[in-house]
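# What the coordinates show
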Amino acid sequence: MAVAVPPGRAAGSGWAWRPVARDALLARAFHSCTELRGRFYLVGGLLAGGTRQPSSDTVVFDPARGQAVRLGSRGSPPRSHHDAAPVGGRWLCVVGGWDGSRRLATVTALDTERGVWEAWTATPGDCPPAGLSSHTCTRISDQELQVAGREGGIHTQRRYGSIYTLRLDPSARTYCYKQEGCHIASRSGHCAALLQTPGPHPGHQLLLVGGCNLAEPEVAGHWSHGKIKEEPPVAPHLVEQLARLVSSGQGSQKGPHGLRHHSCSVVGPFAVLFGGETLTRARDTICNDLYIYDTRTSPPLWFHFPCADRGMKRVGHRTCLWNDQLYLVGGFGEDGRTASPQVCILDFLI
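A few points on the structure. Since the model is a prediction, treat every value here as computed from it, not as a measurement.

### Thoughts on the environment of Asp-309
- Of note, Asp-309 is situated in the loop between strand E24 (301-305) and strand E25 (318-322).
- The partly exposed category is assigned to Asp-309, whose relative accessible area is 27%.
- Linking Asp-309 and Asp-289, residues 20 residues apart in sequence, is a C-alpha distance of 9.9 Å.

Below you can see the structure in the form of structure tokens.
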């Protein structure tokens, strides 16, 4: 068990990742892990460090039973460094990523009712990115996703990133990209958090964190009150525990500097970030720190909780919120090559 304690605090005020399951099918990094109907769908990823060929596996993990099975459906796409989003309570839409030879901007969807993978079709007027990897794909509604990040490879990338609205039509199995007018910092391996803005008429902001040497989050989109009708998952106990944890720490307006390939989950008014790779040092680059972004204050504050257990260093992993628990799935460990087969939940010692 990895136990982290803020400096000067008693051991009882810390946190831990508590292992709850272990299966070799889950050992992968730079995959997607998406909760849909109480199951976690793991798509693709890299099974070992140093390889450039992504897996074409789709693995379904049942958190209630702690069991994983490989999905037998044909057409599962080889992907890594992609993102995925649930649509209509039925489809799992995989957007972009690396297929072993090039970066894509296509949409491939798993119909979870039929157990079939489908390649959706771009509509006339589609203006796709040059190719996406290590981007983010944030669900706004069943018909709209926000895609953010750097386009193209190392030799073709721009000095700025772009934001695309990706419109989906599940009934027609079609999609269409529209490039928005604003630009963002050039980011790769960042995270995106759709958070409510405070006030009597709260709207929403899409915040991007990491993927470059900036410490401050960047606002990549605004939605006024009532525009986003999605109901976030309810996690009252976890929100209460996170509030107690941040009350024991010292907040700062400065966020994590130069972090990439970390995980991020929105839990009520908090964005919870873990692990990743730091760009600020040449050695010992893989991290095991917990960062909590608290939007209840104005301005919002960052809280940093280090971890002493090097065995919990992770990069290219994912976190998923389900049943008032935050789950940690996959990722490479300290050596950057060995994938973890463990599933853990965030536990509190407070």
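### Notes on the pairing of strand E5 (residues 58-62)
- For E5, a buried count of 5 out of 5 residues is recorded, marking the element as mostly surrounded by other parts of the structure.
- Residues Thr-58, Val-60 and Asp-62 line one face of E5 and the alternating positions Val-59 and Phe-61 line the opposite face, and both faces are buried.
- As judged from the 4 bridges shared by strand E4 (residues 39-43) and E5, these two strands associate in the antiparallel manner. Across the sheet, the residue bridging to Leu-42 is Val-59, located in E5.
- Across 4 bridges, E5 lies against strand E6 (residues 67-70) in antiparallel orientation. Note that in E6 the partner of Asp-62 across the bridge is Gln-67.
- Once E5 ends, the chain turns through 4 residues before running back antiparallel as E6, passing Gly-66 with a positive phi of about 70°.

About the cut-offs
Residues numbered from 1 in each chain as written. Predicted model: local features only at pLDDT ≥ 70, side-chain atom pairs only at ≥ 80, totals over all residues. Heavy atoms only, no water. Helix = DSSP H or I, 4+ residues; strand = E, 2+ residues; numbered from the N terminus. Buried < 20%, exposed > 50% of the residue type's maximum accessible area, 1.4 Å probe, protein only. Pairing = 2+ DSSP bridges.

Function cannot be inferred from these measures alone, as they are strictly geometric.
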